[in-house]
Amino acid sequence: MVAERERIYLFDTTLRDGAQTNGVDFTLTDKLAITRMLDDLGIDYVEGGYPGANPTDTQLFSEPRMLNTTFTAFGMTRRPGRSTSNDPGLAALLDAKAEAICFVAKSWDYHVRVALETTLEENLASIRDSVQAAKARGREVLLDCEHFFDGYKANPDYALACAKTAYEEGARWVVLCDTNGGALPHEVEAIVREVTKYIPGDHVGIHAHNDTEQAVANSFAAVRAGARQIQGTLNGLGERCGNANLVSIIPTLKLKPEFFEFFEIGVSDDQLKRLAHVSHELDERLNRSPNRHAPYVGESAFATKAGIHASAIIKDPATYEHIQPEAVGNRRKLLVSDQGGRSNILAELERIGLKVDKSDPRVARLLDEVKEREAIGYAYEAAEASFELLARRMLGTVPKYFDVSYFDVKVEQRAQNGHGKEVLTTAVVKVKIGNETFINAAEGNGPVNALDVALRKDLGKFQKFIEGLKLTDYRVRILNSGTEAVTRVLIESEDETGEHWTTIGVSPNIIDASFQALMDSIIYKLVKAKAPA
Ligand SMILES: [Zn+2]
């Protein structure tokens with residue numbers, strides 16, 4: 001008999017703390033896409049950012065949302081010496097369209113005096129008033145106790161008083177932050193255990209930074225001591241050395257008996273199988289190469305070189321693997337023969353609803369094709385719509401809708417009389433549909449935009465199917481394969497139903513790569529709409 005398991009809640013701060021990473025600059029589109037990814041993964045809380053503090057976050061909080069996750073706004077408690085009704089920052093936070101508000105407050109007496117320049121009492125009053133104000137607006141409230149562990153070491157009574165004040169005012173969660181990231185697991189465990197004498201563990205969260213590379217270990221130490229919320233980011237994104245990595249925390253909670261026998265989380269087994277994909281998709285969005293050696297999800301996480309290990313693995317994979325790679329959407333990689341590839345392709349085909357017999361020779365052909373294309377720069381993991389088209393073409397289920405028999409893109413720079421220079425872009429596309437020919441011309445704000453507008457200007461009988469198609473993102477990456485640079489283009493599209501998909505193009509020529517990705521996007525939409533050829 002399995003005893004009832006306790007629930008651990010996962011709180012993602014990729015869009016807030018993760019956005020502090022050097023070189024990371026999320027656009028609104030990025031933030032919306034990452035929110036959807038986290039929601040699909042089964043994360044309980046997604047922290048969107050600081051409404052009112054910058055235009056992107058303000059816009060993000062005004063967007064319509066259909067999420068299961070608790071979308072959370074982040075901001076400061078009321079300023080010292082002000083009332084809650086006379087603090088514009090707090091007002092923006094309270095007005096934000098969010099189910100929960102996470103306040104950050106100082107809990108280290110030294111910081112209260114030196115950084116905040118106020119009294120210890122006033123800081124407690126600020127916590128009390130802010131929690132009350134958010135509760136009065138019907139929000140779920142979290143309080144991040146900044147520098148909690150350092151503060152506790154310096155003045156345990158005061159650090160505890162901050163945490164207790166929030167809890168007593170009705171904060172759902174009191175989150176203990178290791179803001180400097182210097183705490184060690186045994187310290188975290190001991191301090192959290194003290195805190196849970198005053199605040200029940202199912203109201204205590206842990207927010208760990210990775211400055212001693214123990215943010216994941218510190219999160220688990222807190223759980224052992226009673227905390228029931230873990231805060232972290234995808235791929236451990238975050239300033240300096242990053243935050244606790246949810247991509248490592250989630251599978252550990254799901255797959256290690258020490259945790260799964262006692263705890264459950266909002267991520268289902270099926271959602272867990274998307275983990276590697278989610279991790280890689282985030283890297284793709286950040287224009288970074290995924291870390292091959294990332295635990296659980298890295299390409300090398302289950303790779304074994306030829307020799308005795310590999311032959312043992314063929315006999316029984318458990319001999320050299322701590323979990324089944326498929327559980328997190330990764331695959332076993334034997335460098336002698338890639339057996340994983342085939343099962344991976346079959347799993348993908350099943351996921352997109354294409355029924356194929358395991359022994360169908362077309363599966364092997366598709367695998368070869370994918371491998372060949374990936375070798376020259378395609379990345380199908382980041383472009384599922386293009387993968388689906390490739391698979392459907394292999395199975396012969398993509399109709400021949402239209403042909404582009406010609407395209408031309410022109411970029412001109414002209415001097416304007418005394419008014420500097422003007423850059424003009426025009427594109428002409430010749431499309432054949434059956435016996436009809438359409439010649440479309442368009443101007444654009446750049447060559448890809450002009451090509452896109454021209455391509456979608458008049459597709460004859462198909463036009464009505466692509467009316468709601470919109471391009472929402474365009475990403476370019478230059479890959480160096482040998483001496484020749486190759487351009488990879490990823491295009492994200494959206495339609496009137498709110499569905500999103502990503503397509504890919506690869507070519508030494510950026511326009512050609514963009515054209516491939518544009519074509520895939522349109523054809524994917526036509527397939528999805530079941531347009532009759
Ligand atoms: Zn932080």
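Residues numbered from 1 in each chain as written. Predicted model: local features only at pLDDT ≥ 70, side-chain atom pairs only at ≥ 80, totals over all residues. Heavy atoms only, no water.

1. Observations regarding the coordination of the zinc ion
Cut-off, in case you're wondering: Here the term donor refers to an N, O or S atom within 2.8 Å of the metal (or 3.2 Å for Na, K and Ca), and because water is left out of the atoms, sites may appear incomplete. By the criteria applied, helices consist of DSSP H or I runs no shorter than four residues and strands consist of E runs no shorter than two, each listed in order from the N terminus. Classification of residues uses two cut-offs on accessible area relative to the type maximum, computed with a 1.4 Å probe and protein chains only: under 20% is buried, over 50% is exposed, and between them is partly exposed.
At this site the zinc ion is bound by Asp 17 (OD), His 207 (NE2) and His 209 (NE2), with donor distances of 1.9 to 2.2 Å. All donor residues of the zinc ion come from one chain, and their arrangement in sequence is D-x189-H-x1-H. Here His 207 lies in strand E8 (residues 204-208) and Asp 17 lies in the loop between strand E2 (9-12) and helix H1 (28-41), a separation of 190 residues in the sequence. Grouping residues by exposure puts Asp 17 and His 207 together as buried.

2. Points about the packing of H1 against helix H13 (residues 275-285)
Defined as follows: Interaxial angle, 0 to 180 degrees, is taken between N-to-C directions of lines fitted to C-alpha atoms, where a helix line uses only the stretch in contact. What sets the label is the angle itself: under 35 degrees gives roughly parallel, over 145 gives roughly antiparallel, 65 to 115 gives roughly perpendicular, and the rest give oblique. Here, two residues are considered to be in contact whenever any of their heavy atoms come within 4.5 Å of each other. Note that Gly is not counted as nonpolar here; it falls among the polar residues with everything else outside the nonpolar set of Ala, Val, Leu, Ile, Met, Phe, Trp, Tyr, Cys and Pro and the charged set of Asp, Glu, Lys and Arg.
Two elements in contact, H1 and H13, have axes whose closest approach is 11 Å; the angle formed by their N-to-C orientations is 175°. Of the possible angle classes, the one that applies to H1 and H13 is roughly antiparallel. Residues Thr 29, Asp 30, Ala 33, Ile 34, Met 37 and Leu 41 of H1 lie in contact with H13, whose contacting residues are Leu 275, Val 278, Glu 281, Leu 282 and Arg 285. When grouped by side-chain class, the residues that make up the contact of H1 with H13 number seven nonpolar, one polar and three charged.

3. Some remarks on helix H3 (residues 88-95)
For the record, the criterion: Think of the arc as the fan of directions from the helix axis to the C-beta atoms. Under the rule applied, a polar contact is a pair of N or O atoms within 3.5 Å (in protein, one hydrogen donor and one hydrogen acceptor; residues adjacent in sequence only if both atoms are side-chain atoms).
Residues of H3 that are buried include every one of Leu 90, Leu 93 and Leu 94, and no others. The buried residues of H3 all sit within an arc of 95° when viewed along its axis, so they share a single face. Along H3, exposed side chains directed more than 90 degrees from the buried face belong to Pro 88 and Asp 95. Turning to H3, the residues buried within the fold contact strand E4 (70-76), strand E5 (100-106) and helix H5 (120-136). Two to three positions downstream of the cap, the backbone nitrogen of Gly 89 sits 3.1 Å from a side-chain oxygen, assigning the N-cap of H3 to Asp 87.

4. As for the nonpolar core
Inclusion rule: Residues belong to one nonpolar core when they are buried, are Ala, Val, Leu, Ile, Met, Phe, Trp, Tyr or Cys, and are joined through side-chain atoms within 4.5 Å.
Counting 86 residues, the largest nonpolar core has Leu 10, Phe 148, Phe 149, Leu 234, Ile 250 and Leu 253 as its most contacted members. The leading source of residues in this core is helix H7 (residues 156-168), at seven residues. Every residue in contact with Leu 253, bar those within four places of it in the chain, is listed here: Ile 8, Leu 10, Phe 220, Ile 230, Phe 259, Phe 260 and Ile 265.

5. Focus on the pairing of strand E18 (residues 500-507)
Applied cut-off: Paired strands, as defined in this entry, are two strands with at least two bridges between them according to DSSP.
Counting buried residues along E18, seven of its eight residues qualify, which places the element largely inside the surrounding structure. Pairing of strand E17 (residues 484-494) with E18, which is carried by eight bridges, proceeds in the antiparallel orientation. Across the sheet, residue Glu 492 finds its bridge partner in E18, namely Thr 502. Following E17, the chain reverses through five residues before pairing antiparallel with E18; Gly 498 in that reversal takes a positive phi of roughly 90°.

6. Points about empty space enclosed by the protein
Stated precisely, the cut-off is as follows: Here a cavity denotes a set of grid points, spaced 1 Å apart and computed over the protein atoms alone, in which a 1.4 Å probe fits but from which it cannot get out, and a pocket denotes an open set meeting protein on both sides within 12 Å along at least five of seven lines; residues with an atom within 4 Å of a point are reported as lining. Grid points are joined across faces, edges and corners, and a volume is the space filled by probe spheres set on the points.
This model, assessed by the stated rule, comprises one cavity of 30 Å³ or more. Taken as a whole, the largest cavity holds about 30 Å³ of empty space. Along its surface, the largest cavity is lined by Leu 349, Val 356, Arg 362, Val 363, Leu 366, Ala 391, Met 394 and Leu 395. Those elements giving two or more residues to the lining of the largest cavity turn out to be helix H16 (361-375) and helix H17 (384-394). At three residues, the largest contribution of residues to the lining of the largest cavity is made by H16. Looking at the lining of the largest cavity residue by residue, the classes come out as seven nonpolar, no polar and one charged.

7. Notes on H5
This is how it is decided: Each residue after the first adds 1.5 Å to the expected span of a helix.
With 17 residues, H5 should cover 24 Å at 1.5 Å per step; its first-to-last C-alpha distance of 25 Å lies within 8% of that length. For H5, the complete set of buried residues consists of Glu 122, Asn 123, Leu 124, Ala 125, Ser 126, Ile 127, Ser 130, Val 131, Ala 133 and Ala 134. The elements touched by buried residues of H5 are H3, E5, helix H4 (109-114), strand E6 (140-146) and H7. Phi for Gly 138, located one or two positions after H5, is positive at around 80°.

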